[in-house]
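Coordinates in review
One letter stands for each residue in the lines below.
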Amino acid sequence: MRTAVKVAVQGRVQGVGFRPFVFQLADKYQLNGTVQNNMDGVKIHLEGGSEEIELFLSDLKNNAPRLSKINEIIVVETELQNANDFTIIASERSGTSMLVIPIDSAVCDECLNEMNDPDDFRYQYPFINCTQCGPRYTIIEELPYDRPYTSMKEFPMCGDCRREYEDPTNRRHHAQPIACQKCGPNLRLLGNLGEEIDSENPIMETIKLLKEGNLIAIKGLGGYHLCCDARNELAVAELRKRKKRPLRPLAVMAASIPAVERLAVLDESERDLLKSPEAPIVVLKKSGQYKLAPGVAPGMGTIGVMLPYTPHHHLLLADPELSCLVMTSANPSGMPILFKDGEASRYLNGIADHFLIHNREILHPVDDSVVQINDGKVDFFRRSRGYVPDPYTTNKDVTGIVAFGGQQKTTFTIGRNQQIFIGPHIGDLENIETIDHYQHELEHLLRWIDTPKETAVIDAHPGYQVQKLAKEYKFRDVMEVQHHHAHMAACMDEHQLFGPAYGIILDGTGYGLDGKIWGFEIFYGAADGFERMAHLHYTPLPGNEKCIHEPWRNAVAMLFALHGEEGVELAKAIFTDKSSEIDILKLMIERNMNTVYAGTCGRLFDAVSAICGVTKVSSYDGEAAIQLAELANEQIIYQPYPFDLQDTDGLTIDFSQMIKDISVDVLAGEDIPTISGRFHETVVQAIVAAMVQLAKKNIEANKNVVLSGGSFHNRYLRKRIRKELSQRNFNVFVPENVPCNDGGLSYGQIVVAAAKRSANQCVLEYQQK
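What counts, and where the lines are drawn
- Residues numbered from 1 in each chain as written.
- Predicted model: local features only at pLDDT ≥ 70, side-chain atom pairs only at ≥ 80, totals over all residues.
- Heavy atoms only, no water.
- Helix = DSSP H or I, 4+ residues; strand = E, 2+ residues; numbered from the N terminus.
- Expected span 1.5 Å × (residues − 1).
- Buried < 20%, exposed > 50% of the residue type's maximum accessible area, 1.4 Å probe, protein only.
- Contact = heavy atoms within 4.5 Å.
- Axes fitted to C-alpha atoms, helices over the stretch in contact; angles between N-to-C directions.
- Parallel < 35°, antiparallel > 145°, perpendicular 65-115°, else oblique.
- Left-handed = near helix turned anticlockwise from the far one by under 90°.
- Nonpolar A, V, L, I, M, F, W, Y, C, P; charged D, E, K, R; others polar.
- Salt bridge = Lys/Arg side-chain N within 4 Å of Asp/Glu carboxyl O.
- 1 Å grid on protein atoms, 1.4 Å probe; cavity = no way out; pocket = protein on both sides within 12 Å on 5 of 7 lines; lining within 4 Å.
- Points joined across faces, edges and corners; volume = space filled by probe spheres on them.
- Pairing = 2+ DSSP bridges.

1. Some points on helix α19 (residues 656-667)
For α19, built from twelve residues, the straight-helix expectation of 16 Å at 1.5 Å per residue is met to within 8% by its first-to-last C-alpha distance of 17 Å. Taken together, the buried positions of α19 are Ser 656, Met 658, Ile 659, Ile 662, Ser 663, Asp 665 and Val 666. If you follow the buried residues of α19, they end up packed against α15 (551-574), α17 (601-611), β29 (651-654) and α20 (672-697). In the segment just after α19, Gly 669 is the residue with positive phi, at about 80°.

Listed below in structure tokens is the structure:
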């Protein structure tokens with residue numbers, strides 16, 4: 001008996017070969033009807049035998065394309081239309097958007113095999129793709145995802161591509177970026193003044209230039225990279241000089257997994273990340289065979305590596321003499337990612353020797369994602385290309401809530417129904433170019449996601465740029481969320497923890513409710529509120545931001561604040577060339593001149609790093625802490641220094657004795673890596689002791705604990721704190737899909753806002769701001 005059903009499929013079901021997959025299933029089970037993209041997902045009308053329809057629905061759910069992600073399948077009976085066949089019909093562009101925007105994907109193995117096959121008509125074509133790989137988000141102009149609404153609209157299909165596109169049995173059926181040499185985008189090589197380099201094969205010419213030590217700006221999937229031979233120290237040094245990036249580690253792109261294994265120690269989970277469709281940069285431990293130029297990652301035991309993820313990356317790395325290239329973002333320091341040809345030519349004038357560009361316009365730039373495996377778990381430094389703007393699902397209605405993030409590593413987040421969309425990595429909101437980039441991407445996603453502007457959520461820091469940005473949008477109301485409460489809420493929501501829990505937050509900077517700078521806290525609470533149970537003892541930052549950029553100043557201030565004149569003498573003994581400046585810093589603290597007070601993990605690490613002589617002046621954000629952490633061996637459990645817990649109006653963690661003992665050890669010439677390890681273990685033991693003491697006082701409290709804040713990228717801290725607390729019967733959760741740093745802040749902000757709205761907690765009227 002023939003019957004008919006309507007099927008609505010929601011989730012990541014556009015741009016992933018879903019309609020061709022549906023067509024082939026219908027053919028397999030001899031069903032008639034239609035499949036169509038619309039603003040709600042994919043609509044299917046099916047007619048045929050009841051048993052065949054059930055088999056179709058089972059395959060639909062269990063064997064969907066590898067890039068798809070089905071959130072919901074709704075099936076309802078409907079009237080027979082006596083369809084004679086099964087067809088893919090034109091997309092419907094009306095209605096409210098419920099779409100999950102397709103994400104960009106690394107080129108697949110099938111396309112690579114064709115690209116390397118001399119008998120294939122796409123042999124060595126640098127823009128080969130299919131329904132299972134290639135550009136998506138970066139080329140979309142409007143939704144739903146169809147070629148006329150992408151930057152591929154400039155490239156009419158040739159006959160060969162058209163035949164594949166229209167063939168329901170072909171892998172490229174309705175692959176919107178489909179192209180070949182005859183009809184698609186192409187590469188061009190330009191000189192440093194923008195002049196065309198006459199070359200029959202721009203790839204081969206670029207390889208030759210790289211071998212000669214040139215710096216090449218390469219336009220990729222989501223923006224421009226600056227590239228050179230990773231084994232050529234002169235080229236690497238020149239790149240650093242021109243880009244004014246003296247020490248920050250540079251990412252590299254290796255030709256293959258065997259090439260990666262010659263650089264780094266690789267486990268199965270790291271290998272899977274490298275080979276995944278998302279193809280992020282993976283931070284790996286250097287191996288004994290590591291032979292790249294010393295300037296690639298100076299002073300580091302780790303290296304950030306990615307595999308080629310576009311066809312032209314693969315072609316560049318096919319030469320055995322170029323098995324590894326520096327592939328770093330081309331933007332000048334502090335600027336947003338470069339993705340427009342004119343801007344790249346202007347900003348990279350005098351930096352790049354040549355430009356390898358293409359004529360497929362990038363509409364939405366994305367930085368490379370960066371991730372590591374930390375204590376067996378995924379740990380995102382940056383969630384961007386390949387992951388954005390894929391949504392998370394939460395248990396609360398977040399419609400109409402837009403979170404603006406923070407000041408550094410910022411992202412924005414948009415809520416719709418029970419979906420949370422984190423935008424791409426933006427960077428630090430420190431100049432007009434980055435702010436413009438932020439607003440451009442926010443406005444596009446607001447239009448695509450189609451949610452009302454009800455509640456804007458901002459960080460509570462009065463000096464953050466997001467405070468001003470929110471005022472430019474007409475929200476009904478605005479809510480301020482304390483920085484570390486947002487970090488805590490993000491991790492709780494990721495792990496579906498809805499009751500109260502402890503939150504251990506180790507971070508660099510967060511504006512506290514008492515007007516001081518927080519960043520070493522133990523909270524207890526949930527998304528709708530928290531109590532601060534413990535924190536680090538406050539010390540002064542004379543000159544505020546200057547202490548962050550010059551950690552030796554922070555160290556001097558800490559020594560004086562904790563140990564008075566004895567601390568001043570220790571400081572002068574350690575920083576022998578800073579005697580007069582130490583006296584000025586002392587005076588500033590005594591007179592409270594341009595001095596704020598802070599208790600943060602970031603500033604504690606900075607001070608110890610400076611005392612140890614590791615990093616006295618930082619050339620990039622987090623350098624002092626990163627370099628100090630590199631010295632601690634996570635396989636060793638060190639003897640901790642003394643510390644104190646003071647139980648006055650909540651627990652205060654006091655490291656006064658530790659700071660003094662470290663100073664004495666440094667002056668005595670003790671081994672610096674051992675001092676670093678002992679310092680790390682002291683932080684671990686202080687937190688564990690505080691948690692045990694709090695649990696004894698609050699025996700009714702839930703024993704769930706979340707760890708968050710940027711300092712939890714530190715491998716030693718995450719591993720040891722998690723292990724020590726687990727052994728004491730705490731249930732410990734760490735961020736895995738959302739960055740623990742400020743890249744995950746906007747996610748936590750939206751979770752807090754939704755919880756408070758659900759609990760009918762009032763928000764600040766926008767007009768009152």
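The structure having been displayed, the exposition proceeds.
2. Let's talk about the packing of α17 against α20
At a minimum axis separation of 11 Å, α17 and α20 run at an interaxial angle of 155°. The angle between α17 and α20 falls in the class roughly antiparallel. The element α17 and its partner α20 pack so that their crossing is right-handed. Across from Leu 604, Phe 605 and Val 608 in α17, the residues of α20 making contact are Phe 679, His 680 and Val 683. Considering only residue class, the contact of α17 with α20 consists of five nonpolar, one polar and no charged.

3. Let's talk about the pattern of salt bridges
Taken as a whole and judged by the stated rule, the model has 46 salt bridges. Among the salt bridges present, the one from Glu 164 reaches Arg 122, with a minimum N-O distance of 2.7 Å. On the criterion of sequence distance, the pair formed by Glu 164 in helix α4 (residues 159-166) and Arg 122 in the loop between α3 (109-115) and α4 is long-range, its members being 42 residues apart. For Asp 514, the salt bridge goes to Arg 532, with nearest N and O atoms at 3.8 Å. Note that Asp 514 is positioned in the loop between β23 (501-511) and β24 (517-526) and Arg 532 in strand β25 (residues 529-536), a separation of 18 residues in sequence. The partly exposed category is assigned to Asp 514, whose relative accessible area is 38%. Each of Glu 110, Glu 114, Arg 122, Glu 164, Arg 171 and Arg 172 takes part in a single network of salt bridges with overlapping partners.

4. Considerations on the layout of surface pockets
Here the second largest pocket defines a volume of roughly 560 Å³. In terms of lining residues, the second largest pocket is bounded by 25 residues, among which Asp 109, Leu 112, Leu 307, Pro 308 and His 314 are the most central. Listed by contribution, the elements that provide at least two residues to the lining of the second largest pocket are α3, α8 (268-275) and α9 (311-316). A per-element tally of the lining of the second largest pocket places α3 first, with four residues. Class assignment for the residues of the lining of the second largest pocket results in 16 nonpolar, six polar and three charged.

5. Regarding the pairing of strand β6 (residues 187-191)
Among the five residues that make up β6, four are buried, leaving the element largely enclosed by the rest of the structure. Inspection of the sheet shows β6 paired to strand β14 (residues 354-358) by five bridges, in the antiparallel sense. Paired with Gly 191 across the two strands is His 354, which belongs to β14.

6. Let's talk about unusual backbone geometry
Among all residues save glycine, negative phi is the norm, and among peptide bonds the norm is trans. The step from Val 388 to Pro 389 runs through a cis peptide bond, and the omega angle for that step is 5°. By secondary structure assignment, the location of Pro 389 is in the loop between β16 (377-382) and β17 (392-393). The phi dihedral of Lys 244 is positive, around 55°, even though this residue is not glycine. Tracing the sequence through the fold places Lys 244 in the loop between α6 (233-243) and β9 (252-254). With relative accessibility at 69%, the residue Lys 244 sits in the exposed group. Of note in this structure, Asp 450 is not a glycine but carries a positive phi near 60°. Residue position: Asp 450 is located in the loop between α11 (432-449) and β21 (455-459).

Bear in mind that shape data such as this cannot, by itself, settle questions of function.
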